[in-house]
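Structural overview for review
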Amino acid sequence: TLLPSDKEDIRYLFDAGLEYVDFQALGLSQNGLARIKLALDSELKINANRQIEGSLDINEILLENEEGIHNAGDLNTLFYAEKDQHKIRINSEFLEGEFEGSRSILHLLGKNLNQIIQRETEEWDKSEYKLSLAAKDSRDLLAFFAPDVSIQPQSALNIHIDSTGF
């Protein structure tokens, strides 16, 4: 079973390595050579109270395109969730960030974000969110995904949406 009984905790571990996945062969790139290599390590714990906590580490991210091999480093995430408290922390060589919300980030990116962008008059569900992202050295990552884009280190995005939806 995926969920614990009333008396036990469950712990899941997942490790995987991707060895030079070819984006062009998969039809995901039309721009010539585009390969990625990385290692995934994750842990998920669910306790009897349905609190969820875990981590997802993407290590040794190597990106290869026509310009060469780009070492994007590691990406480490920690997350915690229970009924009305959701937290995510991200740290890498190219990005640092935090999310806190009374609902999950998927809820924010789904219905609530559409509601904000389209200024729908539907009643806001009183969800609250805080999101902060700060760029670090993203040159190797961008050289692969968006070669013509540059993001200065310390560029930041901060969003706070209170219970009124603003």
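Everything in this summary refers to the structure shown in the same document. Given the structure is predicted, the values throughout are model-derived calculations rather than measurements.

Considerations on the overall build of the chain
- For the chain, the helix and strand inventory stands at two helices and eight strands.
- Overall, the chain shows an N-to-C arrangement of helices and strands of β-β-β-β-β-β-α-β-α-β.
- Within the chain, the proportion of its 166 residues that are buried is 28%.
- Put simply, 47% of the contacts in the chain that link residues at least 6 apart link residues at least 24 apart.
- With an accessible surface of roughly 11,200 Å², the chain has 52% of that area assigned to carbon and sulfur atoms.

Focus on unusual backbone geometry
- In this structure, Tyr 20 takes a positive phi of about 50 degrees despite not being glycine.
- With respect to the secondary-structure elements, Tyr 20 resides in strand β1 (residues 10-22).
- The exposure class of Tyr 20 is partly exposed, given its relative accessible area of 31%.
- One non-glycine residue, Glu 60, lies in positive phi territory at about 55 degrees.
- As for its placement among the helices and strands, Glu 60 is situated in strand β3 (residues 52-65).

Quick word on the pattern of salt bridges
- Taken as a whole, this structure holds six salt bridges when the rule is applied.
- Lys 37 is the partner of Glu 19 in a salt bridge, and the nearest nitrogen-oxygen pair spans 3.9 Å. Of the two residues, Glu 19 sits in strand β1 while Lys 37 sits in strand β2 (residues 34-46), which places them 18 residues apart along the sequence.
- For Lys 37, a relative accessible area of 23% translates into the label partly exposed.
- A salt bridge links Asp 137 to Arg 139, with the nearest nitrogen and oxygen atoms 2.8 Å apart.
- Asp 137 sits in the partly exposed class, given a relative accessible area of 37%.

Things to note about the sheet that holds strand β8 (residues 156-161)
- Across the sheet, which stays open at both edges, the eight strands sit in the order β1-β2-β3-β4-β5-β6-β7-β8 with antiparallel pairing between neighbours. The sheet terminates laterally at β1 and β8, the two strands that pair on one side only. Neighbouring strand axes in the sheet, compared pairwise and without regard to direction, differ in orientation by 5 degrees on average.
- Direction of pairing for strand β4 (residues 68-82) relative to strand β5 (residues 85-92): antiparallel, over a ladder of eight bridges. Looking across to β5, one finds that Glu 82 is bridged to Gln 85.

As for the packing of aromatic side chains
- Using the criterion set out here, one finds three aromatic pairs in the structure.
- Centroid distance Phe 99 to Tyr 129: 6.1 Å. Interplanar angle 35 degrees. Geometry classified as tilted. With a gap of 30 residues between them, Phe 99 in strand β6 (residues 95-101) and Tyr 129 in strand β7 (residues 129-135) connect regions that are remote in the sequence.
- Phe 99 gets classed as buried once you look at its relative accessible area, which sits at 2%.

Some details on the nonpolar core
- Phe 23, Ala 34, Ile 36, Leu 38, Ile 58, Ile 61, Leu 63, Ala 72, Leu 75, Phe 94 and Phe 144 form the largest nonpolar core, which has 11 residues in total.
- Of all elements in the fold, only β2, β3 and β4 reach the threshold of two or more residues within this core.
- Residues contacting Leu 63, with those up to four places away along its chain left out, are Arg 35, Ile 36, Gly 68, Ile 69, His 70, Ala 72, Asp 140, Leu 141, Phe 144 and Phe 145.
- Formed by six residues, the second largest nonpolar core is a distinct cluster that contains Leu 108, Trp 124, Leu 131 and Ile 161.

Rules behind the numbers
- Sequence positions are assigned chain by chain, starting from 1 and proceeding in written order.
- At least 70 in pLDDT is required for a residue's local features to be given in this predicted model, at least 80 for side-chain atom pairs to be given and counted, and no such filter applies to totals for whole chains, interfaces and linings, which use all residues.
- Hydrogens and waters are ignored; side-chain quantities use all the structure's heavy atoms.
- Strands here mean DSSP runs of E at least two residues long; helices mean DSSP runs of H or I at least four residues long; both are numbered from the N terminus.
- Working definition: with a 1.4 Å probe on protein chains only, accessible area under 20% of the residue-type maximum means buried, over 50% means exposed, and in between means partly exposed.
- When checking whether two residues touch, look at their non-hydrogen atoms; a contact exists if any pair is within 4.5 Å.
- For the accessible areas, the method is Shrake-Rupley and the probe is 1.4 Å, while residue cover comes only from the protein chains on display.
- Here a salt bridge means any side-chain nitrogen of Lys or Arg lying within 4 Å of a carboxyl oxygen belonging to Asp or Glu.
- When DSSP finds two or more bridges between two strands, those strands count as paired.
- Lines are fitted to the C-alpha atoms to define the axes, a helix being fitted only along its stretch in contact, and any angle between axes, read from their N-to-C directions, falls within 0 to 180 degrees.
- Ring geometry is summarised as follows: Phe, Tyr and Trp rings, the Trp one being its six-membered ring, pair when their centres sit within 6.5 Å, and such pairs are stacked at plane angles under 30 degrees, edge-to-face over 60 and tilted between the two.
- Residues belong to one nonpolar core when they are buried, are Ala, Val, Leu, Ile, Met, Phe, Trp, Tyr or Cys, and are joined through side-chain atoms within 4.5 Å.

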